[in-house]
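Structural characterization, general
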Amino acid sequence: MSADTLRPRIAALADQCVMCGLCLPHCPTYALDGDETESPRGRIALARALASGTMEPTAANRLPLDHCLGCLTCERVCPSGVHYGELLTATRALLGPPPGRARALLGVLKRPRLLRALARLGATLGAPRWAPRLARRLPDDSAWRSVLVALPPLPAAPALQPSAVVATRGRVALFPGCVADVYESEAHAALERLLAAAGFEPVRLPARCCGALDRHGGTAAAGDRDADAVRAAWTAAGANTLLTATPGCLGTLREALPGVAVEDAMAFVERECSTLRFRALPLRTALHLPCTEVNVARADGAVRRLLARVPGLELLPLPAQPACCGAAGSHVLDFPRRARDLRALKLDQVQALAPQRLLSGNIGCRLHLAAGLVERGSALAVEHPLSLLARQLESP
Ligand code: SF4
Ligand code: SF4
């Protein structure tokens, strides 16, 4: 979309806001800074001023928009129905990427084959030994430091147990994503096992970025190219439904595939796989609900209901605020200190519950939270809820 198209669209979206301020108490960055400019209302006013040309888009002026987590908690609670997510994406497309964005690093993270090859090379060179030491030598706000701390060793290839159930309920495709394809392989195998046990034929699309990293970072043209590739892969899959186990990809996939049933994996399993039975697991389990699971997938209720089907599992929900752990796509790379501040609040809440396991269904949140626990000297394991569910599945 050209600037001439974006400017009136941003103005029209900003005009939906009646400036009531009801969203402010729900915004994690407003809670962090206590500053109107770091609130949804402040950002909407700023977007309007930047789009109309009454304000110059200097690095300082645009900073509150760059700080936005895109968690969409404001959109969910807004009584006027402001389409904040669209306004944010359009304004970022107009402004372009934030100054100092770690483009080379993002280029690696977006390419799962390259990322996997580098992770293997790192393992060969003993990275688990030296990477934390190297990270400590880098500046506190370095994106490379965040990645060196957050990326764990490559997980082992999951062993897939064949299902005894004949697939009669149609083909369901799984979008594996980019970072998630490398570090969420267990959850993807778990989803395929659950689907097969319920009578579906799971197929996996080629691993690639959905485009969210570029669209949310103001590189709209690159995001459009990713969307074209997603459409081609979807058409070739011959499936009825597309699932993602990473709710952070969901909104972008839905935009790329209008008219296609693109669903959150856990919401689909909860609704369509009611015949599955799970073995008991007496375990105190803290449940972190990623903001995209709550505000985009709107699957928070479904996730709780699905996990409640595991007998004996004690689910300990975290407080709703802060609504975001700070990972927020590339926010953790663009603003590592702010991401750590938000994470500290979330981890305090987790540790106050004294759980035996932490569940989080979005790869960015899971890695970010796990890295924070390691920094605190905690051995608490963090896993995707689907991994737990597949392990507890009674053989069909
Ligand atoms: S975004 Fe919605 S809730 Fe927030 S100030 Fe505007 S109208 Fe009010
Ligand atoms: S998307 Fe999240 S961080 Fe951004 S303004 Fe809305 S509530 Fe605040």
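See the structure shown above.
All values reported here derive from a predicted model rather than from experimental measurement. (Residues numbered from 1 in each chain as written. Chains lettered and ligands numbered in written order. Predicted model: local features only at pLDDT ≥ 70, side-chain atom pairs only at ≥ 80, totals over all residues.)

**Observations concerning the overall build of the chain**
Using the following cut-off: The way it works is that DSSP assigns letters per residue, a run of H or I at least four long becomes a helix, a run of E at least two long becomes a strand, and they are numbered from the N terminus. We take the radius of gyration over the C-alpha atoms and set the globule estimate at 2.2 Å times the residue count to the 0.38 power. To sort residues by burial, count the other C-beta atoms lying within 10 Å of each one's C-beta; a count of 20 or more means buried, 12 or fewer means exposed, and anything in between means partly exposed. C-beta atoms are built from the backbone. Here, residue contact means that the backbone-derived C-beta atoms of the two residues sit within 7 Å.
When its secondary structure is counted, the chain shows 22 helices and eight strands. Against the globule reference of 21 Å for 396 residues, the chain gives a C-alpha radius of gyration of 21 Å, in line with a compact fold. A principal-axis box enclosing the C-alpha atoms of the chain has dimensions of 65 × 50 × 40 Å. Out of the 396 residues belonging to the chain, those deemed buried represent 48%. Taking all contacts inside the chain whose residues are at least 6 apart in sequence as the whole, residues at least 24 apart take part in 77%.

**Here's the deal with the site of ligand 1**
Here is the rule: Near residues are defined by distance alone, with the backbone-placed C-beta atom required to lie within 6 Å of the molecule or strand. Each residue gets one label: Ala, Val, Leu, Ile, Met, Phe, Trp, Tyr, Cys and Pro are nonpolar, Asp, Glu, Lys and Arg are charged, and the others, such as Gly, are polar.
Near ligand 1 you find 13 residues, and of these Cys-17, Cys-20, Cys-23, Cys-78 and Ser-80 are the closest. For the shell around ligand 1, the class distribution of residues is 10 nonpolar, two polar and one charged.

**So, the pairing of strand S1 (residues 171-175)**
Put simply, the rule is: Here the rule is simple: two strands pair whenever DSSP picks up at least two bridges between them.
Taking burial as the measure, the five residues of S1 include four buried ones, the bulk of the element. The sheet contact formed by S1 and strand S2 (residues 201-204) spans four bridges and is parallel. Bridging across to S2, Arg-171 finds its partner in Glu-201. Where S1 and strand S3 (residues 241-244) come together, four bridges link them in parallel fashion. Within S3, the position partnered with Leu-174 by the bridge is Leu-243.

**Examining the site of ligand 2**
Among the 13 residues in the neighbourhood of ligand 2, the closest are listed as Cys-27, Pro-40, Cys-68, Cys-71 and Cys-74. Of the residues belonging to the shell around ligand 2, the class tally is nine nonpolar, three polar and one charged.

**Some points on unusual backbone geometry**
Here the amide bond leading from Gln-321 into Pro-322 is cis, since omega sits at -5°, within 30 degrees of zero. Positive phi, close to 60°, is recorded for Met-19, a residue that is not glycine. One can find Met-19 in the loop between helix H1 (3-15) and helix H2 (28-33). Unlike most non-glycine residues, Arg-298 shows phi in positive territory, near 50°. Tracing the sequence through the fold places Arg-298 in the loop between helix H17 (291-295) and helix H18 (300-307).

**Things to note about the sheet that holds strand S8 (residues 382-383)**
Note: strands within a sheet are paired through backbone hydrogen bonds, in either parallel or antiparallel orientation. Pairing is parallel across the open sheet formed by four strands, whose spatial order is S6-S5-S7-S8. Every interior strand has two partners, whereas the edge strands, strand S6 (313-317) and S8, have only one. One ladder, built from two bridges, connects strand S7 (residues 357-360) with S8; its direction is parallel. Of the residues in S8, the one forming a bridge with Leu-359 is Glu-383.

**Considerations on the sheet that holds S1**
Counted only if it meets this: Each axis is a line fitted through C-alpha atoms, and for a helix only the stretch in contact is used; angles between axes span 0 to 180 degrees, taken between their N-to-C directions.
With parallel pairing, the four strands of this open sheet are ordered in space as S2-S1-S3-S4. What marks the edges here is a single partner per strand, and that holds for S2 and strand S4 (261-264). Across this sheet, the average inter-strand angle for adjacent strands is 30°, counted without regard to direction. Taken strand by strand, helix H12 (residues 185-197) contacts S1, S2 and S3, and its axis lies near 170° from that of S1.

**A short note on H12**
Counted only if it meets this: In this analysis, the expected span of each helix is defined as 1.5 Å times one less than the number of residues it contains.
Across its 13 residues, H12 extends 18 Å between first and last C-alpha, which sits within 8% of the 18 Å expected from 1.5 Å per residue. Of all 13 residues in H12, 11 are buried; the element is thus mostly enclosed. Here H12 has its buried residues at Ala-187, His-188, Ala-189, Ala-190, Leu-191, Glu-192, Arg-193, Leu-194, Leu-195, Ala-196 and Ala-197. Summarising the contacts, the buried residues of H12 are in contact with S1, S2, S3, helix H16 (265-272) and helix H22 (385-392). Downstream of H12 by one or two residues, Gly-199 has phi in the positive range, about 95°.

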